[in-house]
Amino acid sequence: MLKNHFKIALRNLWRHRIFSFINITGLSVGITACFFIFMYVAFELSYDKFHTKADRIYRLVTDIKTPSETITTNVTSWAFAPNIKADFPEVEAYVRTSGGSFLVRKGNVKFQEERTLFADSNFFKVFDFNLIKGNPKTALSAVANVVFTETAAKKYFGNTDPVGQTVLLSGEGIPAMVTGVMKDMPGNSQIKADMLVSMSTITQKFNKGIEEQWGNYGATTYLLLKPGVNAKTLQAKFPAFVEKRNGEESRKRQMFATLSLEPLKDIYLHSKRGGQEVGSISNVYIFSIVAVFILLIACINFINLTTARSVERAKEVGIRKVVGAAKGELAGQFIGESVVLCLIAFVITVILSALLLPLFNQLSGKIISEGVFSNPYYIVILLGISVSIGFLAGIYPAIVLSSFKPVMVLKGRFSTGTKGNLLRKSLVVAQFSISIALIIGTIIVYNQMDFMRNRDLGFSKDQMLVMDSNGDTGKDAFQQSIRSIPGVKSVALSSSVPGGSNNGAYSEIENKKGDLQIANLDLYFVDFDYLNQFKIKMIAGRPFSRDFISTDTAQAMILNEEAVKLFGYSSPQQAIGRRFKQWGREGKIVGVMKDFHFRSLQEKIKPLSMRVELGGLNLVSVKVDAKNLPATLAAIESKWKQVIPNRPFSYYFLDEFFDRQYRSEQRFGKLFFNFAILAIAISCLGLLGLASYSTYQRTREIGIRKVLGASTPGIVNMLSKDFMKLVSISFVIATPVAWYFMHKWLQDFAYRIDIHWWVFAISGILAMVIALTTISFQAIKAAIANPVKSLRSE
């Protein structure tokens, strides 16, 4: 029986091969798109869940309340973790981490390891990163212990065993023992590093006493709770702990810390505090909805085309019922045809997915292995999606076709009826509502990305070359030596550049009332050339100047507009000459600079302070001439190798570096655009099929109208207007829905576009043009056909 159904299904699919081709193409593209979205969503949701103790690992985070503001941060004081472990038996272990960058040397091999992570000795107890060589209990227990990833270890040691060997760290050549090698950290970990260095290297060597500094915030802290411990109950005990351990100092400094626990598995998608790598739960929701939409469009195509062909199959159903076929048997046959069609689509989907996977990885920035196609789990998912679509999409057409009354059909009195027509029209409206919503979304996403790329940031980032000297003593000589290179316009030194990290400093600034007001200010250390080179505008007072070198290097500060507002001044001029205390320096505010975006446009501009520092500035920024750039770069590299020979030469352009902050948004935009195009293409396939069938059904009418003198444009208009009405209704439905969801998406950006009326107008016109182009192909073909042939065929 099943074999016969299969043969009949194949025969009917071949007989109606044009419609079968449209259905198979739409389903294949739809299932492929959904499979990639499923992989993307699954990858995003899997972050940090590979740790076997993930349910018991929490990140300790801090809200710091000052008289000026509440600072939300993802780090804690270095003192919190060991004291929490001592005071709370509910805590099984803790790990503090802190990012860094180290020059690593082994013989003549040297690399700047940008992804270095200082970590406590419990690192491999708390997290399930695979240590393949070394003892996980002792690998990070002593000062200057180092653990490499496999890839990093091969750079220095090749295929030899690195454990027990020594490498030199930093420009000073600090000896460090390699105590382990771990597998490369997985792509779905928001903790990423190529080299781990024992935390005791900081607490016992570089910065002794830091664990007693309750106001020094810089450690990312993770707590492993004992089984059965309730995190909320533990968190409720933290205020008393902070008061006991740090209450007196908090009142003295007027900085009050509130501790909270964030589940590790929620950090990547849900935390607003950031981390080494962050995702967006909104994007996951959006892509999940898009996947459902694409599947709906593909299913609507199938239902529409199948029910539209019901007149063709009516006689077949009538004859089979007369010879004894039961309704259930006929329904089974039609569902079988649907499933067979989807199985063919499944085979094409597997091939398409395998071919397009590298492109998808490039677009999404994810690392989805080609091994997914040899994994039965994913193949079963694909097969399950395909068969489910075939079954669900085939139910309604099967019920409709198997319910035909044989007497009416064989007498030639059969028609599809108004209910069937209404259903098909409703499905077309649903299909194009989705498509128009995606067009609107695509335009808004593109405009927001364009806005972020082209907004005036308040500083100059073009043709700006940045090199990190990482504290090398030769940096001053280097920056002096390159000033004479043709093509070098100017050079400046600083601790930070826009788009990068910077210090946050406990500060006391005189407010409008004359009192010293406490606040935590972002802090840039710069030289005298920085403001001019970056074209940061002054709006009150003066910039730093070598004419005031004795006072500007010891007693001067510049604030931005946001900082001035924070301390209650109604105009920038009022802040000039006011007192400040910050990190051991006291003096007066000499100038106010115009606000500039020193962080992503997703964040509001924060209060910023600048001070002149002539030592300890690691970043060398070089304004270069765009002409003959390769020669300029070669000359700069040559000077670097002469003056700083122990460090590899590396650089980045500031505009590219700043734009990296929007990499995830740009990828989201590209993925959204591509999936929207696929959804629209599938909709057009369905519309083409319906237009083709509608034209076929009206062949006789078209012939008669032609004979009676109807023009070709008149015939095209007659065949198109019904469909255009449906597209117009779709536009009315899609517009408010798209506005609502895209308005919510834009709320994640501190600086964003307004959604203008023309976005909807363009989307509606575009949808009309796409639909009309699709329909016109069949309409024009029917309108120019010879009416004699069409009437003869009738």
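Here, every reference points to the structure presented above.
First, a word on scope: everything that follows refers to the structure included in this document.

Rules used throughout
- Residues numbered from 1 in each chain as written.
- Predicted model: local features only at pLDDT ≥ 70, side-chain atom pairs only at ≥ 80, totals over all residues.
- Heavy atoms only, no water.
- Helix = DSSP H or I, 4+ residues; strand = E, 2+ residues; numbered from the N terminus.
- Buried < 20%, exposed > 50% of the residue type's maximum accessible area, 1.4 Å probe, protein only.
- Areas by Shrake-Rupley, 256 points an atom, 1.4 Å probe, with all protein chains shown as cover.
- Phe/Tyr/Trp six-rings, centres within 6.5 Å; stacked < 30°, edge-to-face > 60°.
- Lys NZ or Arg CZ within 6 Å of the ring centre and 35° of its normal.
- Patch = residues over 30% accessible without salt bridge, like charges linked within 9 Å, V, L, I, M, F, W, Y side chains within 5 Å.
- Salt bridge = Lys/Arg side-chain N within 4 Å of Asp/Glu carboxyl O.
- Lys, Arg positive; Asp, Glu negative; His and termini not counted.
- Charge placed at Lys NZ, Arg CZ, Asp CG, Glu CD.
- Polar contact = N/O pair within 3.5 Å; in protein donor to acceptor, adjacent residues only side chain to side chain.
- Contact = heavy atoms within 4.5 Å.
- Pairing = 2+ DSSP bridges.
- Core = buried A, V, L, I, M, F, W, Y, C linked by side-chain atoms within 4.5 Å.
- Arc of directions from axis to C-beta.
- Expected span 1.5 Å × (residues − 1).
- Axes fitted to C-alpha atoms, helices over the stretch in contact; angles between N-to-C directions.
- Parallel < 35°, antiparallel > 145°, perpendicular 65-115°, else oblique.
- Left-handed = near helix turned anticlockwise from the far one by under 90°.
- Nonpolar A, V, L, I, M, F, W, Y, C, P; charged D, E, K, R; others polar.

### Side note on the overall build of the protein chain
- Summing up its helical and strand segments, the protein chain has 26 helices and 23 strands in all.
- Looking at the protein chain residue by residue over its 794 residues, the buried ones come to 52%.
- Only carbon and sulfur atoms are counted for the fraction: they give 57% of the accessible area of the protein chain, which is about 35900 Å².

### Looking at the packing of aromatic side chains
- The tally for this structure, following the rule as stated, stands at 43 aromatic pairs.
- Aromatic pair F123 and F124: ring centres 5.3 Å apart, planes at 90°, arrangement edge-to-face.
- The class of F123 is buried, set by a relative accessible area of 0%.
- In this structure an aromatic cluster arises from ring pairing among F459, Y524, Y530, F534, F596, F598, F658 and Y662.
- The aromatic ring of Y506 is capped on one face by R253, whose charged end is 4.1 Å from the ring centroid.

### Some words on a positive patch on the surface
- Residues K85, K125, K137 and K226 make up a contiguous surface patch of positive charge.
- Looking at the element boundaries, K226 is found in the loop between β11 (217-225) and α7 (231-235).
- For K226, a relative accessible area of 37% gives the class partly exposed.

### Some points on the side chain of D120
- With respect to the helices and strands, D120 occurs in the loop between β5 (109-119) and α4 (123-126).
- At 2.7 Å, the side chain of D120 forms a polar contact with the backbone nitrogen of R96.
- When near neighbours in sequence (up to four residues on either side) are disregarded, D120 contacts Y94, V95, R96, L140 and M199.

### Describing the pairing of strand β18 (residues 556-560)
- Counting buried positions over the five residues of β18 gives five, a clear majority of the element.
- A two-sided burial pattern is seen for β18, the buried positions comprising A556, I558 and N560 on one face and M557 and L559 on the other.
- Two strands pair when backbone bridges link them, and β18 and strand β20 (residues 585-593) are joined in this way by five bridges, in the parallel orientation. The residue of β20 that forms the bridge with N560 is M593.

### Observations regarding the nonpolar core
- Counting residues in each nonpolar core, the largest one holds 119 residues, and the members touching the most others are I294, I536, F544, M610, F675 and W745.
- Considering each element in turn, this core owes the most residues, 15 residues, to helix α15 (residues 417-454).
- Discounting residues that sit within four places of it in the chain, I536 has contacts with G458, F459, Y530, L531, M593, K594, F596 and M610.

### With respect to the pairing of strand β15 (residues 503-510)
- Examined bridge by bridge, β15 and strand β16 (residues 516-526) share eight bridges and lie antiparallel to one another. The residue of β16 that forms the bridge with Y506 is N520.
- Counted along the chain from β15 to the antiparallel partner β16, the turn is five residues long, and its residue G514 has a positive phi close to 95°.
- Two elements, β15 and strand β19 (residues 579-582), share three bridges in a ladder whose sense is antiparallel. Of the residues in β19, the one forming a bridge with S507 is Q582.

### So, the environment of T151
- As for its position among the elements, T151 is in helix α5 (residues 150-157).
- In the structure, T151 is positioned 30 residues away from V181 in sequence and 9.5 Å away in space, judged by C-alpha atoms.

### A few points about the environment of L566
- Looking at the secondary structure, you find L566 in helix α19 (residues 561-566).
- Residues L566 and P607, spaced 41 residues apart in sequence, show a C-alpha to C-alpha distance of 7.4 Å.
- Contact partners of L566, with chain neighbours within four places excluded, come to S68, E69, Q517, A519, L521 and P607.

### Digging into the pattern of salt bridges
- With the rule as written, the count across this model stands at 28 salt bridges.
- In this structure, R647 and D472 form a salt bridge, with 3.2 Å as the shortest nitrogen-oxygen distance. Residue R647 is found in the loop between α20 (629-643) and β23 (652-653), and its partner D472 is found in the loop between β13 (464-468) and α16 (475-481); the two are separated by 175 residues along the sequence.
- One connected set of salt bridges, linked through shared partners, spans R59, D63, E262 and R273.

### Things to note about unusual backbone geometry
- Positive phi, normally seen in glycine, also occurs at W583, with a value near 45°.
- Position of W583 among the secondary structure elements: in the loop between β19 and β20.
- When its relative accessible area of 46% is taken as the criterion, W583 is described as partly exposed.
- Even without glycine at this site, N628 takes up a positive phi of about 55°.
- Tracing the sequence through the fold places N628 in the loop between β22 (619-624) and α20.

### Here's the deal with α5
- Taken together, the buried positions of α5 are A152, A153, Y156 and F157. Summarising the axial view, the buried residues of α5 lie within an arc of 110°, below the 170-degree limit, and thus occupy one face.
- As for α5, its buried residues are in contact with β4 (91-106), β5, β7 (145-149), β8 (166-169) and β9 (174-182).
- Positive phi appears at G158, one or two residues downstream of α5, with a value of about 60°.

### Focus on helix α8 (residues 238-253)
- In this model α8 runs just 19 Å from its N-terminal to its C-terminal C-alpha over 16 residues, more than 12% under the 22 Å that 1.5 Å per residue would give.
- Those residues of α8 lying buried are F238, F241, V242, N246, G247 and S250.
- Against the buried residues of α8 lie β1 (57-65), α3 (80-87), β11, α7 and β12 (256-263).
- Once α8 ends, the next one or two residues include Q254, with phi positive near 55°.

### Things to note about a nonpolar patch on the surface
- Together, I289, V737, W739, Y740 and F741 make up an exposed nonpolar region whose accessible area comes to about 470 Å².
- The element best represented in the nonpolar patch is helix α24 (residues 712-746), accounting for four residues.

### Notes on the side chain of D552
- Within the secondary structure layout, D552 lies in helix α18 (residues 549-552).
- Within the structure, D552 has its side chain in polar contact with the side chain of R542 (distance 2.8 Å).
- A polar atom in the side chain of D552 sits 3.0 Å from the backbone nitrogen of S545.
- With near-sequence residues (within four places) excluded, D552 lies in contact with F528, R542, P543, F544, S545, R585 and V612.

### Overview of the environment of R667
- As for its placement among the helices and strands, R667 is situated in helix α22 (residues 663-697).
- The residues touching R667, leaving out its near neighbours within four places in the chain, are L363, S364 and G365.

### Some details on the packing of α3 against α8
- Taken N-terminus to C-terminus, the directions of α3 and α8 make an angle of 110°; their axes are 12 Å apart at the nearest point. Considered as vectors, α3 and α8 are oriented roughly perpendicular to each other. The two elements α3 and α8 cross, and the hand of that crossing is right-handed. Where α3 abuts α8, its residues F80, N83, I84, A86 and D87 lie against F238, F241, V242, K244 and R245.
- Partitioned by chemical class, the residues of the contact of α3 with α8 number six nonpolar, one polar and three charged.

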